[in-house]
Amino acid sequence: MGADASIGHHLATALAEEVRRADCLNRIATAIAVGNDLDSVVQAVVDGGVELTEAAFGAFFYNVEDAAGERYTLYALSGAPREAFSRYPMPRKTAIFAPTFDGVGVVRSDDISKDPRYGLSGPYHGMPPEHLPVRSYLAAPVIGRDGEVLGGLFFGHPETGRFTARVQDLLVGVAAQAAVAIETMRLKETARRELASLQFALKAGRMGSWELDVETGVYTASDICKHNYGRAADATFGFQDLIDAIHPEDRPQMRAAIDAAIAHGSAYDVEYRVILPDGELRWIQVRGRAAQTAQDGGARRLAGVSLDITERKRAEQRQQLLLNELNHRVKNTLATVQAIARQTLRGCPNPEDFSEAFEARLLALSQTHNLLTEQNWRSASLMAILAAELRPHGGARDSRFVLDGDGDMQLNPKAAVALGMAMHELATNAVKYGALSGPEGRVTLRSRRVGEGEDRKLVLEWIESGGPPVAPPSRRGLGARLLEDGLAGELSSVVRLDYRPEGVACRMELPMRVVETAE
Amino acid sequence: MTPIPELAGLRVLVVEDEMMVSMLIEDMLTDLGCHVVGPAARLEEALSLAEHAELDCAVLDVNLGGQSTFPVADLLRAKGAPFAFATGYGDAGLREVDRDSLVLQKPFREVDLAKVLRSLAKSISGV
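Residues numbered from 1 in each chain as written. Chains lettered and ligands numbered in written order. Predicted model: local features only at pLDDT ≥ 70, side-chain atom pairs only at ≥ 80, totals over all residues.

Asker: Can you walk me through the overall build of chain B in this structure?
Answerer: When its secondary structure is counted, chain B shows four helices and seven strands. Listing every helix and strand of chain B by position from the N terminus yields β-α-β-α-β-β-β-α-β-β-α. Of all 127 residues assigned to chain B, the portion counted as buried reaches 43%. Contacts in chain B between residues at least 24 apart in sequence constitute 62% of all its contacts with a sequence separation of at least 6. (Helix = DSSP H or I, 4+ residues; strand = E, 2+ residues; numbered from the N terminus. Buried ≥ 20, exposed ≤ 12 C-beta atoms within 10 Å, placed from the backbone. Contact = placed C-beta atoms within 7 Å.)

Asker: What am I meant to see in the overall build of chain A here?
Answerer: A tally of helices and strands in chain A yields 14 helices and 17 strands. When burial is assessed residue by residue, chain A has 30% of its 519 residues classed as buried.

Asker: Looking at this structure, I do not really get the nonpolar core. What am I missing?
Answerer: Inside soluble globular proteins, nonpolar side chains tend to come together where they are buried. Counting 86 residues, the largest nonpolar core has Ile385(A), Val12(B), Ala58(B) and Leu60(B) as the members making the most contacts within it. Ignoring any residue separated from it by four or fewer positions in sequence, one finds Leu60(B) in contact with Val15(B), Thr69(B), Val72(B), Ala73(B), Phe83(B), Phe85(B) and Ala86(B). One finds Phe60(A), Tyr72(A), Ile112(A) and Phe154(A) within the second-largest nonpolar core, a separate group that totals 40 residues. (Core = buried A, V, L, I, M, F, W, Y, C linked by C-beta atoms within 7 Å.)

Asker: What is the right way to look at the environment of Asn63(B) in this model?
Answerer: All names here are of chain B. Note on placement: Asn63 falls in strand β4 (residues 63-64). For Asn63, a count of 17 C-beta atoms within 10 Å gives the class partly exposed. Between the C-alpha atoms of Asn63 and Gly88, which are 25 residues apart in sequence, the distance is 9.6 Å. In contact with Asn63, other than residues within four places in its own chain, are Ser68 and Gly93.

Asker: Hey, could you run me through the sheet that holds strand β8 (residues 268-275) of chain A in this one?
Answerer: Across a sheet, strands are paired by hydrogen bonds formed along the backbone, either parallel or antiparallel in direction. Residues and elements named next belong to chain A. Here five strands make up an open sheet; going across it, the order is β7-β6-β10-β9-β8 and the pairing antiparallel. In this open sheet, the two strands that pair with only one neighbour each are β7 (219-221) and β8. Recorded for the sheet is a direction-independent mean angle of 25° between the axes of neighbouring strands. Contacts between helix α8 (residues 251-264) and the sheet are confined to β8, β9 (281-293) and β10 (299-308), with β8 contributing the most and set at about 150° to the helix. (Pairing = 2+ DSSP bridges. Axes fitted to C-alpha atoms, helices over the stretch in contact; angles between N-to-C directions.)

Asker: Please explain the pairing of β8(A) as it appears in this structure.
Answerer: Every regular strand shows the same layout, with side chains that alternate between the two sheet faces. All names here are of chain A. With eight bridges joining them, β8 and β9 adopt antiparallel strand pairing. Each residue of the ladder has a partner; that of Val270, found in β9, is Val286. The turn linking β8 back onto β9 is made up of five residues, and Gly279 within it adopts a positive phi angle of 95°.

Asker: Whenever I open this one, the interface of chain A and chain B confuses me. Can you help?
Answerer: Interfaces are often sized by the amount of accessible area the parts lose when they come together. The partner chain B presents 18 residues to the 21 residues of chain A that form the contact. The set of elements that each furnish at least two residues to the side of chain A that touches chain B consists of α9 (310-347), α12 (413-432) and α13 (478-490) of chain A. Per-class residue counts for the side of chain A that touches chain B are six nonpolar, ten polar and five charged. (Nonpolar A, V, L, I, M, F, W, Y, C, P; charged D, E, K, R; others polar.)

Asker: When you look at the environment of Asp47(A) in this model, what are you seeing that I'm missing?
Answerer: Residues and elements named next belong to chain A. As for its position among the elements, Asp47 is in helix α2 (residues 38-53). What makes Asp47 partly exposed here is the crowd of 19 C-beta atoms within 10 Å. Sequence separation of Asp47 and Phe57 is ten residues, and the distance between their C-alpha atoms is 8.9 Å.

Asker: I would appreciate a short explanation of the environment of Leu13(B) in the present structure.
Answerer: Residue and element names in this part refer to chain B. Relative to the assigned elements, Leu13 resides in strand β1 (residues 11-15). Assessed through the 24 C-beta atoms surrounding it within 10 Å, Leu13 is described here as buried. Through-space distance from the C-alpha of Leu13 to that of Glu26 is 9.8 Å; in sequence the pair is 13 residues apart.

Asker: Looking at this structure, how should I read the sheet that holds β1(B)?
Answerer: All names here are of chain B. The five strands are arranged β2-β1-β3-β6-β7 in an open sheet whose pairing can be described as parallel. The sheet is open, and its two borders are formed by β2 (35-40) and β7 (102-105), each paired with just one other strand. On average, adjacent strands in this sheet sit at an angle of 20° to one another, irrespective of strand direction. Pairing of β1 with strand β3 (residues 57-61) involves four bridges; the strand directions are parallel. Among the inter-strand pairings, Leu13 is bridged to a residue of β3, identified as Ala58. Packed onto the sheet, helix α2 (residues 43-52) meets β1, β2 and β3 and runs at close to 145° relative to β2.

Asker: Is there a simple way to explain the pairing of strand β15 (residues 457-465) of chain A in this structure?
Answerer: Residue and element names in this part refer to chain A. Here strand β14 (residues 442-450) runs beside β15; their pairing, made up of nine bridges, is antiparallel. What sits directly across from Arg446, in β15, is Glu461. Hairpin connection, β14 to β15: the antiparallel pair is bridged by six residues, and Gly451 has positive phi, about 85°.

Asker: Quick question: what am I supposed to make of unusual backbone geometry here?
Answerer: Leave glycine aside and you will find that most residues have negative phi; peptide bonds, for their part, are mostly trans. Each neighbour pair has its own omega, and for Gly38(B) with Pro39(B) the value is 0°, a cis peptide bond. With respect to the helices and strands, Pro39(B) occurs in strand β2. Geometrically, the link from Lys106(B) to Pro107(B) is a cis peptide bond, its omega value of -10° lying close to zero. Assignment of secondary structure puts Pro107(B) in the loop between β7 and α4 (110-126). Non-glycine residue Glu54(A) carries a positive phi angle of around 55°. By C-beta crowding, Glu54(A) is classed as partly exposed, having 17 other C-beta atoms within 10 Å. For Asn376(A), which is not glycine, the phi dihedral falls at a positive 55°. Mapped onto the secondary structure, Asn376(A) falls in the loop between α10 (351-374) and β11 (380-381).

Asker: Any chance you could explain the confidence of the model for chain B here in plain terms?
Answerer: Where the model shows low pLDDT, its predicted coordinates should not be examined in detail. Mean pLDDT over chain B works out to 87, with 94% of the residues at or above the 70 mark. Within chain B, β4(B) has the poorest average pLDDT of any element, 82, and β1(B) the best, 94. (pLDDT = per-residue confidence, 0-100.)

Asker: What should I look at first to understand helix α1 (residues 19-31) of chain B in this one?
Answerer: Each α-helix turn comprises 3.6 residues. Residues three or four places apart therefore point the same way. All names here are of chain B. Taking 1.5 Å per residue, 13 residues should reach 18 Å; α1 reaches 18 Å between its end C-alpha atoms and fits that length. Met19, Met20, Val21, Ser22, Met23, Leu24, Ile25, Glu26, Met28 and Leu29 are the residues of α1 that are buried. Just downstream of α1 lies Gly33, where phi reads positive at about 90°. (Expected span 1.5 Å × (residues − 1).)

Asker: What am I meant to see in helix α5 (residues 165-204) of chain A here?
Answerer: Residue and element names in this part refer to chain A. Compared with an ideal rise of 1.5 Å per residue, which puts 40 residues at 58 Å, α5 spans 58 Å between its outermost C-alpha atoms and is within 8% of the ideal. Along α5, the residues classified as buried are Leu170, Leu171, Val174, Ala175, Gln177, Ala178, Ala179, Ala181 and Ile182. Backbone geometry just downstream of α5 places Arg206 in the positive-phi region, at approximately 50°.

Asker: I'm lost on the packing of α10(A) against helix α11 (residues 382-390) of chain A in this one. Help?
Answerer: Angle between the axes and distance between the axes: these two values describe a pair of packed helices. Residue and element names in this part refer to chain A. Where α10 contacts α11, the axes come no closer than 10 Å and their chain directions differ by 150°. In terms of orientation, α10 and α11 fall into the roughly antiparallel class. Once α10 is placed against α11, the crossing between them reads as right-handed. On the side of α10, the interface is formed by Ala364, Gln367, Thr368 and Leu371, while α11 contributes Ala384, Ile385, Ala388 and Glu389. The class makeup of the residues in the contact of α10 with α11 is five nonpolar, two polar and one charged. (Parallel < 35°, antiparallel > 145°, perpendicular 65-115°, else oblique. Left-handed = near helix turned anticlockwise from the far one by under 90°.)

Laid out in structure tokens, this is it:
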């Protein structure tokens, strides 16, 4: 074979070799381009690197920083089983690895065991026993855009002098490609995770998302957003559909809010009622902001979320109703106290008598309020009210009282307050002037339910006996007024108050429909 | 408080379902020299008095045990008898048509009642 032929053969071999390498680089680039996850991309790079360098094995070590400091974990391996590495601790930043993990540059050695940096660190001072046999060594750092060392590509061969300067140059290119691929994959992963968690949050919060292209007027709504407006996921729901769904009274306010957000690029935050296709009324809260700013500073695109706040609105309305009711009750109670003060002052111009009588009446009122509060101001038991008003005078078990009832019943608040006060007045009068002023007196308290249907009545009788002789009072006091006018008027009752010589007697006929609780 | 000449003999319908409050208004009116019509604690009674009784003006509780007294207000308005509302609700409980009505906020003093009655009396003489 002549020299020319020899050169020709050499060139042909070199050319074939270059073609093979170019082909190999191309496959790495393709694998990176089409790769969809980090693992497969890194594996493709390592596999391609082994093929390119004709190494016996190759690996990519990932640079991980955590609380324990920097360490390196095996990410991808080619040409050797994974177990070949699992027995050893991961590489540390020894003299031999430092240039790679510090991102200084490529380390290429025809025989790593002869390298002056080799074997400097304990405990092995060289490769651990049973390590893959490495003599030829080639390592390149994989450096990200901001200079961060993402990891290192390592290739080895049991024979010496296997890696050429040409291969080293190519590997630098592969490492740069790998860096781009890894960073791209990381970004994609982050975006995927964020999107997934956003979708999870939207779903968990029953939040719909929407977007409005201000220029084209195209409105896009997520499935949950459509659901908020009573539309199926596959239904068309454009901007005009949205406007039409909003309660006509709330449209101007929504229009003003969205126009302001578009004109100034400001936040869009509005609550409105919507009428669902089936006629149901719901409350929706919508929040949004400019997703893209127009040249004039306004919004080019608006994006945001929508939330069904019907339950919250209902709760607010309930609360407002309760507050109004409470206010009403407090004001009426204050007026009642005012009335009690005024009435008491008429009967007792003397300050000491006044304060005693006034306080007793306030306590009587308060007792009834306590009983009503126990039952959410819906009702109070007749027997409980009688017992409460007799308590300051010895209580219902006091032998001076004879209770004769045909069963308990629930009174509505108005009847409870009126009867409570009436009983208080009767008892106070009995203690001061009547049967309870002496040890021999008795009070019989009788309750009967009589009549049928609309004529059902509660008949209450208060009968005093055994006390000092009774004469009609010269002045009509609060008690008499309360019983004869108040009960008669407010509870549509027939009340007869008799000042019999043997004792006061009071008979109250209260229509059931007026005194019993509605429930 | 002493009777006020311009209120003397003024016939005032009282519609109020709280027993003690009703007595209070009655007492105040009597002190001022007015004549009490009612008081009515129930709507039917109030409507009947508003329609048939001789009266000059009225003081209406807005709410009678869950029933509003607006029908009474309408009847009085049709008759040309001026009225004022007495309420613990503030203006919140009033209809649009009653927004210009005089309102006594519970609890109120006798002077407050006298002031409202003077306005009512004035609108009677003005007719």
